[in-house]
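# Descriptive structure summary
Listed below, chain by chain, are the residues.
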Amino acid sequence: MKNYMPKGRLTAEEYINGILEGDRVLLSRAITIIESNLESDKLLAKEIIQSILPNTGNSIRIGITGVPGVGKSTFIEAFGKHLISKGKKVAILSIDPTSQRSKGSILGDKTRMEELANLEDAYIRPSASGDTLGGVANKTGETVLLCEAAGYDVILIETVGVGQSETAVHGMTDFFLLLMLSGAGDELQGIKKGIMEMADMVVINKADGDNIRKSELAKRQYQNALHIFPPSESGWSPVVSTASAIENIGIETVWDEILKFKKLVTENGYFHKNRNHQQIKWMYNNINEALKNLFYGSKSIASQLKVLENEVVEAKISPVKAAQQIVDAFKKSF
Ligand SMILES: Nc1nc2c(ncn2[C@@H]2O[C@H](COP(=O)(O)OP(=O)(O)OP(=O)(O)O)[C@@H](O)[C@H]2O)c(=O)[nH]1
Ligand SMILES: [Mg+2]
């Protein structure tokens, strides 16, 4: 295999030192290496991650989701500025493996987060692309680590609340925030019960103008709805509040609740337990993915599967026996 180094690459050490010094340009360039699919970059990425690992983990990781148009970007602009006023360094990442995001919304983000983007203590990185959710989740997960090593102490990960990416974001964050709108049923907002269940906090956004009363009503409805769910292992009861990202109202409440959450789960041990659990799960996800690729990537398996498919359809062999047979054949191929 040809293992060439693309032009403009630095040594691993240069990236590592730059990241640890909080150099944003080198951080960005290192993230580009994490996102790259070139073999030489993958090696470089491994080296960088391995070296910065002792400097990671010192942040609160917050997942933010909600349907398109709910106001995630506008909320993050207001929330990020609030955090920075409190002396925090904030990194904003997004995960969107569906590529459903239109060009308009990315351009929109630039204007919606304009002030935040210009602040020294904010770092905004749009989502990585990839064919598989697992691949994108890996890239985002490793980007979180780089940002932590660069000194960002609040990491916000935005995802569009329509697909499976929430589960991926939930699996890499400490606190999960769901933005909702008033006056629309859950069905209308396309939010699945599973996503509601993951939420540590629900914020009814756009609680301004004519929407204020409706938002208060929605708040009570969601409070009632959340009561029905079984208590979370974290010991935290999800809270519901209203906000207007555009008018900068209710933003402080969100941070106050997150601090309360952090205190509770640090004291009861859940914070670390959950992080450990997430790390282990991350490893297993990669093992599963690699095994699947090994199996389905084999030419001989692919041709045997074609034959077996027909035999299963023609009832010459049972599906269970067929599966066993091909896995046995795979084992023997080593
Ligand atoms: N009235 C009102 N409008 C808001 C508020 N927050 C956002 N908006 C508006 O809602 C629209 C969508 O806001 P975005 O922040 O782009 O929403 P988003 O959830 O990031 O959208 P996607 O990135 O497309 O998923 C914009 O026109 C905003 O100006 C709010 O608190 N009140
Ligand atoms: Mg957005």
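Residues numbered from 1 in each chain as written. Chains lettered and ligands numbered in written order. Predicted model: local features only at pLDDT ≥ 70, side-chain atom pairs only at ≥ 80, totals over all residues. Heavy atoms only, no water.

Attention now moves to the environment of Ala150. On the secondary structure map, Ala150 appears in the loop between helix H7 (133-149) and strand E4 (154-160). A relative accessible area of 4% means that Ala150 is categorised as buried. Measuring from C-alpha to C-alpha, the distance between Ala150 and Asn285 comes to 26 Å, with 135 residues separating the pair along the chain. The residues touching Ala150, leaving out its near neighbours within four places in the chain, are Ile19, Gly22, Leu27 and Lys89. (Helix = DSSP H or I, 4+ residues; strand = E, 2+ residues; numbered from the N terminus. Buried < 20%, exposed > 50% of the residue type's maximum accessible area, 1.4 Å probe, protein only. Contact = heavy atoms within 4.5 Å.)

We now examine the environment of Leu27. Structurally, Leu27 can be placed in helix H2 (residues 24-35). Judged by its relative accessible area of 1%, Leu27 falls in the buried class. Filtering out sequence-adjacent residues up to four positions away, Leu27 remains in contact with Ile19, Tyr123, Leu146, Cys147, Ala150 and Tyr152.

This brings us to helix H3 (residues 39-52). Compared with an ideal rise of 1.5 Å per residue, which puts 14 residues at 20 Å, H3 spans 20 Å between its outermost C-alpha atoms and is within 8% of the ideal. What H3 keeps buried is the set Ser40, Asp41, Leu44, Ala45, Ile48, Ile49 and Ile52. For H3, the buried positions fall inside an angular range of 160° around the axis, keeping them on one side. Structural note: H3 exposes Lys46 and Gln50 on the side pointing more than 90 degrees away from its buried face. Among the structural elements, helix H1 (12-20), H2 and H7 are those in contact with the buried residues of H3. (Expected span 1.5 Å × (residues − 1). Arc of directions from axis to C-beta.)

Attention shifts here to the site of ligand 1. Around ligand 1 sit 18 residues, and of these Lys72, Thr74, Arg112, Asp208 and Ala245 come closest. Gly69 places a polar main-chain atom, nitrogen or oxygen, 3.0 Å from an oxygen atom of ligand 1. Here Lys206 contributes a side-chain N or O atom positioned 2.9 Å from an oxygen atom of ligand 1. Those elements that provide at least two residues to the shell around ligand 1 are helix H4 (72-85) and helix H5 (103-112). Here the shell around ligand 1 gets 3 residues from one element, more than from any other, and that element is H4. (Near = heavy atom within 4 Å. Polar contact = N/O pair within 3.5 Å; in protein donor to acceptor, adjacent residues only side chain to side chain.)

This part takes up the sheet that holds strand E3 (residues 122-125). Pairing in this open sheet of 7 strands is parallel, and the strands run E3-E2-E4-E1-E5-E6-E7 from one edge to the other. Each edge of the open sheet is held by one strand with a lone partner, namely E3 and strand E7 (239-242). Strand-to-strand, the axes of this sheet are offset by a mean angle of 20°, without reference to chain direction. Across 4 bridges, the pairing between strand E6 (residues 201-205) and E7 is parallel. Within E7, the residue paired with Val202 across the bridge is Val240. In this fold H7 packs onto strand E1 (60-66), strand E2 (90-95), E3 and E4, with an angle of close to 175° to the strand it touches most, E2. Across the sheet, helix H11 (residues 251-267) is in contact with E1, E4, strand E5 (175-181), E6 and E7; its angle to E1 comes to roughly 130°. (Pairing = 2+ DSSP bridges. Axes fitted to C-alpha atoms, helices over the stretch in contact; angles between N-to-C directions.)

When you tally the buried positions in E1, you get 7 out of 7 residues, the bulk of the element. Going residue by residue along E1, you find Ile60, Ile62, Ile64 and Gly66 tucked away on one face and Arg61, Gly63 and Thr65 tucked away on the opposite face as well. As defined by bridge partners, E1 adjoins E4 across 7 bridges and the pair is classed as parallel. When the sheet's bridge partners are listed, Thr65 is paired in E4 with Thr159. Where E1 meets E5, 4 bridges bridge the pair, whose relative direction is parallel. Bridging from a neighbouring strand, Gly63 pairs with Phe176 of E5.

Turning our eyes to something else, we now look at H11. For H11, which comprises 17 residues, the first-to-last C-alpha distance of 25 Å matches the rise-based estimate of 24 Å (1.5 Å per residue) to within 8%. If you check which residues of H11 are buried, you get Ile251, Val254, Trp255, Glu257, Ile258, Phe261 and Val265. End-on, the buried residues of H11 take up no more than an arc of 160°, which puts them together on one face. Relative to its buried face, H11 has exposed residues pointing more than 90 degrees away, namely Lys263 and Glu267. Of the residues trailing H11, Gly269 is marked for its positive phi of about 85°.

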